[in-house]
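Each chain, letter by letter, is given below.
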Amino acid sequence: MSEHHTKVLIIGSGPAGYTAAVYAARANLKPILVQGIQPGGQLMITTDVENYPGFAEVIQGPWLMEQMKVQAAHVGAILMSDTIKSVDFSKRPFKVIGESGAVFMAEAVIIATGAQAKWLEIPSENKFRGYGVSGCATCDGFFYRGKKVAVIGGGNTAVEEAMYLTNHASEVTVIHRRAKFKAEKILQDRLFNNPKIKVIWNHKVEEIVGTEEPKSVTGLKLTNVSTNEVLELLVDGVFIAIGHRPMTDLFKGQITLDEHGYIAAKLGCTETNIPGVFAAGDVQDKVYRQAVTAAGQGCMAALDAERFLAAKG
Ligand code: FAD
Ligand code: NAP
């Protein structure tokens, strides 16, 4: 069993984790970053990224994350392939244990474990994910210029995604399993006033239909939840917007989470309720959820950790 002592331990290797690693390494804090089960984070499961600043041409998500990884390593961050299974934030140095059995003793910890979009968990969704099925309108909406798309869900995210998609798509259909939305009234009013959006109530997705060559979505098979009648809808893209799950199970009981399970960071910074533990990226942000905002918060967390350690001498 190996034991590692570090000034800063970073948990997670998405844009937030790697950016924190770059800043902490350049502050000479010799950070250790534990990559987790998805090295590179959520952008590893997408293709085109067009909104990460600094690249005039479209780049690929996995390529961007490889660059971030190499950059973090170049400036001196120690990258370890392990997944954290338990944390003890009751006293400093914090004791963090990996699935490999490795023990990390850290003066400060940056949590950057991200979030995962919830999916419908039907086989056809899995088949067309990245080929017409998306979990992020801001990321992929641009690819549906002049096309017909559907949004699944009834919360704020679904309504916001639907409205955003009207910037690109010719027609947006929201499909919700109930007869009313959960979204805030003001958002609902905007949606109902948008002539490009129609709503199909009381239906759930039975199957996402598409072609094999090229692999792409052509429509949806829906079922009425009360009558079981089947309805077919022609669409070119489907956006699943049924919520996100922050990756915080590991921290329950150790740190304050909000009512949705996100880490409750103090407004305007990355501090948590435990001095010396910071949180950055999608694990604490349920509003923006973008690579650039996660990276920005990773930078903030490293600067916050540096100041914390400096104050402790
Ligand atoms: P994540 O990227 O979620 O990374 C979390 C990291 O934590 C992973 O490396 C994981 O292995 C690690 N981890 C989790 N648990 C543990 C543990 N117990 N121990 C150790 N490590 C752990 N945003 C854009 O700006 N532009 C886009 O075009 C875009 N496209 C997207 C496409 C898709 C399909 C998806 C799903 C998201 C997209 N996003 C996009 C959103 C963007 O990917 C996220 O906002 C961003 O990745 C969040 O970064 P993060 O570092 O906070 O977390
Ligand atoms: P959410 O509020 O949990 O809503 C999820 C929606 O998806 C619900 O309508 C739910 O249906 C539906 N759903 C869940 N599982 C489903 C399934 N398997 N099949 C079909 N439908 C399913 O999630 P969210 O909209 O992502 O919002 C999460 C949090 O972030 C909320 O607190 C929200 O207010 C916040 N948020 C805020 C803003 C903003 O302030 N502008 C923007 C986005 C998100 P039911 O209604 O039947 O449960």
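Residues numbered from 1 in each chain as written. Chains lettered and ligands numbered in written order. Predicted model: local features only at pLDDT ≥ 70, side-chain atom pairs only at ≥ 80, totals over all residues. Heavy atoms only, no water.

**Q** Outline the state of the cysteines, supporting the account with residue identities and numerical values.
**A** Taken as a whole and assessed by the stated rule, the structure comprises 1 disulfide. A sulfur-sulfur separation of 1.9 Å characterises the disulfide bridge that pairs Cys136 with Cys139. Between Cys136 and Cys139, the S-S dihedral sits near 70 degrees, and the bridge is therefore right-handed. Cys136 sits in the buried class, given a relative accessible area of 17%. Looking at the unpaired Cys269, the closest cysteine sulfur is the one in Cys299, lying at 13 Å. For Cys269, a relative accessible area of 18% puts it in the buried group. Assessed through its relative accessible area of 16%, Cys299 is described here as buried. (Disulfide = S-S within 2.5 Å. Buried < 20%, exposed > 50% of the residue type's maximum accessible area, 1.4 Å probe, protein only.)

**Q** Tell me about unusual backbone geometry, and name the residues and values.
**A** The omega angle of the peptide bond from Arg92 to Pro93 is -5 degrees, so this bond is cis rather than trans. Looking at the element boundaries, Pro93 is found in the loop between strand E6 (84-88) and strand E7 (94-98). Residue Pro214 is reached from Glu213 by a cis peptide bond, and omega for that bond is -5 degrees. Relative to the assigned elements, Pro214 resides in the loop between strand E14 (203-211) and strand E15 (216-224). In this structure, Asn28 takes a positive phi of about 65 degrees despite not being glycine. With relative accessibility at 51%, the residue Asn28 sits in the exposed group. The backbone of Glu121 shows a phi angle near 65 degrees, a positive value even though the residue is not glycine. (Helix = DSSP H or I, 4+ residues; strand = E, 2+ residues; numbered from the N terminus.)

**Q** Go over the site of ligand 2 with me, naming the residues and quoting the values.
**A** Close contacts around ligand 2 come from 16 residues, with Asn156, Thr157, Glu160, Arg177 and Arg178 the closest. Between an oxygen atom of ligand 2 and a side-chain N or O atom of Arg177, the distance comes to 2.8 Å. One of the side-chain nitrogen or oxygen atoms of Lys182 is found 3.3 Å away from an oxygen atom of ligand 2. Bound to the protein, ligand 2 loses 76% of the 910 Å² it would expose on its own. (Near = heavy atom within 4 Å. Polar contact = N/O pair within 3.5 Å; in protein donor to acceptor, adjacent residues only side chain to side chain. Areas by Shrake-Rupley, 256 points an atom, 1.4 Å probe, with all protein chains shown as cover.)

**Q** Please give an account of the sheet that holds strand E11 (residues 148-152) that cites residues and values.
**A** Pairing within the open sheet is parallel, and its 5 strands lie in the order E10-E17-E11-E12-E13. One side of each edge strand has no neighbouring strand; the edge strands of this open sheet are strand E10 (133-134) and strand E13 (197-200). Bridge count for E11 against strand E12 (residues 171-175) is 5 bridges, and the pairing is parallel. Residue Ala150 lies in a different strand from E12, and its bridge partner there is Thr173. (Pairing = 2+ DSSP bridges.)

**Q** Tell me about the site of ligand 1, and name the residues and values.
**A** Around ligand 1, a shell composed of 31 residues is seen, among which Gln38, Gln42, Asn51, Cys139 and Ala291 lie nearest. The contact in question runs from a nitrogen atom of ligand 1 to an N or O atom on the side chain of Asn51, over 2.8 Å. Thr113 is positioned such that a nitrogen or oxygen atom in its backbone is 3.5 Å from an oxygen atom of ligand 1. Coverage of ligand 1 by the protein amounts to 94% of the 1000 Å² it exposes when considered alone.

**Q** With reference to specific residues and values, describe the sheet that holds E14.
**A** Strand pairing in a sheet relies on backbone hydrogen bonds. The paired strands run either parallel or antiparallel. Taken in spatial order, the 3 strands make up an open sheet running E14-E15-E16, and their pairing is antiparallel. The sheet is open, and its two edges are formed by E14 and strand E16 (230-234), each paired on a single side. The mean inter-strand angle of the sheet, taken between neighbouring strand axes irrespective of direction, is 25 degrees. (Axes fitted to C-alpha atoms, helices over the stretch in contact; angles between N-to-C directions.)

**Q** Could you give an account of the domain arrangement of the protein, with specific residues and numbers?
**A** On domain assignment, one finds that the protein holds domain 1 (3-116 + 244-311) and domain 2 (120-241). Summarising the inter-unit geometry, the C-alpha centres of domain 1 and domain 2 are found 32 Å apart. Listed per partner, the contact involves 7 residues of domain 1 and 8 residues of domain 2. Between domain 1 and domain 2, the buried area comes to about 560 Å², and carbon and sulfur atoms account for 41% of it. For domain 1, the biggest contributors to the area lost against domain 2 are Asp48, Glu50 and Gln290; these three give 51% of the whole. Linking domain 1 with domain 2 are 0 salt bridges. The interface formed by domain 1 and domain 2 includes 1 residue pair in polar contact (both at pLDDT 80 or more). Among the residues forming the side of domain 1 that touches domain 2, the class breakdown is no nonpolar, 4 polar and 3 charged. (Domains from an automatic or database assignment. Contact = heavy atoms within 4.5 Å. Buried area = accessible area lost by both parts, 1.4 Å probe. Salt bridge = Lys/Arg side-chain N within 4 Å of Asp/Glu carboxyl O. Nonpolar A, V, L, I, M, F, W, Y, C, P; charged D, E, K, R; others polar.)

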